[in-house]
Amino acid sequence: MVTESDVVGKMLEGTVSCETAEELQEKIRNSPPPFRVKFGMDPSSADLHLGHAVPFRYLRRLQNMGHLIVLIIGDATAMVGDPTGRDKTRPQLSKETVDANAETYLDQMGLILDMDRVEVVRNSKWFDELTFMDSLYLCGGATVAQMLERDSFHQRYKDGTPIGLHEFLYPMMQARDSVEVRADIEVGGTDQTFNLLAGRDAMRNAGLSPQICITLPILVGIDGSMKMSKSLGNAVAFTDDPPEVYGKVMSLPDACMEEWFSIASSLSSEEQKDLLAGSPREAKARLAKDVVAQIHGLDAASVAEAEFDRVFKEKGLPDEIESSVLPVELVKDGGAWIAHVLKALGLVESTSEAKRFVNSGGVRVDGEKIEDEQARLLSGGEYVVQLGKRSFHRVQIPS
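Our subject in this report is the structure included herewith. Note that this is a predicted model, so its numbers are computed, not measured.

Scoring rules and cut-offs
- Residues numbered from 1 in each chain as written.
- Predicted model: local features only at pLDDT ≥ 70, side-chain atom pairs only at ≥ 80, totals over all residues.
- Heavy atoms only, no water.
- Pairing = 2+ DSSP bridges.
- Helix = DSSP H or I, 4+ residues; strand = E, 2+ residues; numbered from the N terminus.
- Buried < 20%, exposed > 50% of the residue type's maximum accessible area, 1.4 Å probe, protein only.
- Contact = heavy atoms within 4.5 Å.
- Axes fitted to C-alpha atoms, helices over the stretch in contact; angles between N-to-C directions.

### Regarding the sheet that holds strand E13 (residues 391-396)
Item 1. Strand order in the open sheet formed by five strands is E7-E13-E12-E9-E10, and the pairing between neighbours is mixed. Pairing within the sheet leaves two strands with one partner each, and these edge strands are strand E7 (323-325) and strand E10 (368-369).
Item 2. Direction of pairing for strand E12 (residues 382-387) relative to E13: antiparallel, over a ladder of six bridges. Residue pairing in the sheet places Glu 382 in a bridge with Gln 396 of E13.

What follows is the structure, given as structure tokens:
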């Protein structure tokens, strides 16, 4: 016989915290499922990444248990900008940018979630109708002292870094979302704890049963140090091609492997344990294949694995390499400087960056390492230029 405690235990597998497990058990006892599980996303950029897959996979598990996911597309809150973890005020986005970003989100979420079992709501639906007096009431949901207890606000205030008044509104807006959709549960990363708890307070103040707040771990980026973020350049995007996803995971520092297996993989704990006890290279390859399969499917993952092995184990070339003709104005005295070639191909942002890659051994031409930053590619030739481990470009140097 499955008890209420068993159901709670299953729902909280892989989570970090629950406010509170006792209330969740009571809700299961007194309020028959399905529960309305709120999850909010601000369309602040066009692409989702593997860090988002952590809550998506958890939400899919709740879907499989019969619960309804209420997805808040924060087109109103995105124009304010979540201050969580920020050391300065976020640039405010235009409505046009937010709308354009929101269009891409649902398709990408559908890679993991069953979108037929998702209730999608934009929070502009209620915030566009708010009067000034309504906004004042919203502000009354917290004190300045409470806001300044937040790590990001506290540090910015201590450092004398400006804090916009509109930033204080963000958690109050997220809390209002919970009231509007009558959430039973809200799910978010550990960095969202303050905002989730604000939702509990707002629901109590509105005479509603407070939502249960469940937090999930946050995935570190492929740099191994910072939270995964597109703006930090350490993300594995849902829109990345399968070989690129595979290669990015293979570039992970070994020290991150246990965390990534635990948070980002779909493998059983027994499989994870066995892989981590063996060869780091084989474990990372299995992780990379699993991550690609989650986003693009198993067939694409197998192809990406084979291509990576051919390129890096067998020293072959990718099946598809972008080709270009170097602008003729860069060809002088019978050739082109390698730094100018790299910049023209868009592989680096500046010639000084190109020289740093050359001096660190990160540039190859036709498979041969370039060790001289003054090296030239001769006119009339066609070359395969490689930057780092994953970037290839075929270039023709005009005569």
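This is not the end of the story, as more comes after the structure.
### Here we look at the environment of Met 250
Item 1. Structurally, Met 250 is set in helix H11 (residues 242-250).
Item 2. With relative accessibility at 13%, the residue Met 250 sits in the buried group.
Item 3. In this structure the C-alpha to C-alpha distance between Met 250 and Ser 265, which are 15 residues apart in sequence, comes to 14 Å.
Item 4. Other than its neighbours up to four places away in sequence, Met 250 contacts Arg 281, Lys 284, Ala 285, Ala 288 and Phe 308.

### Focus: the sheet that holds strand E4 (residues 118-122)
Item 1. Strands sit in the order E1-E6-E5-E2-E3-E4 across an open sheet of six strands; the sheet is mixed. The open sheet terminates on both sides in strands that have one partner only, identified here as strand E1 (17-19) and E4. Shown here is a sheet whose adjacent strand axes are inclined to one another by a mean of 25°, direction ignored.
Item 2. Bridging between strand E3 (residues 68-73) and E4 involves five bridges; their strand directions are parallel. Looking at the pairing, Ile 73 lines up with Arg 122 of E4.
Item 3. Sheet strands touched by helix H4 (residues 95-109): strand E2 (36-41), E3 and E4. Its angle to E3, the strand with the most contacts, is close to 160°.

### Thoughts on unusual backbone geometry
In most cases, non-glycine residues show a negative phi, while peptide bonds are predominantly trans.
Item 1. A cis geometry characterises the amide bond from Glu 19 onward to Thr 20, with omega recorded as -5°.
Item 2. In this structure, Thr 20 sits in the loop between E1 and helix H2 (21-30).
Item 3. Phi at Arg 182 is positive, roughly 55°, even though this residue is not glycine.
Item 4. Examined against the element boundaries, Arg 182 turns out to sit in the loop between helix H9 (165-181) and strand E5 (185-189).
Item 5. Using a relative accessible area of 45% as the deciding quantity, one classes Arg 182 as partly exposed.
Item 6. Phi at Asp 333 takes a positive value of approximately 55°, unusual for a residue other than glycine.
Item 7. By the secondary structure assignment, Asp 333 is in the loop between E7 and strand E8 (335-337).
Item 8. Given a relative accessible area of 78%, Asp 333 falls into the exposed group.

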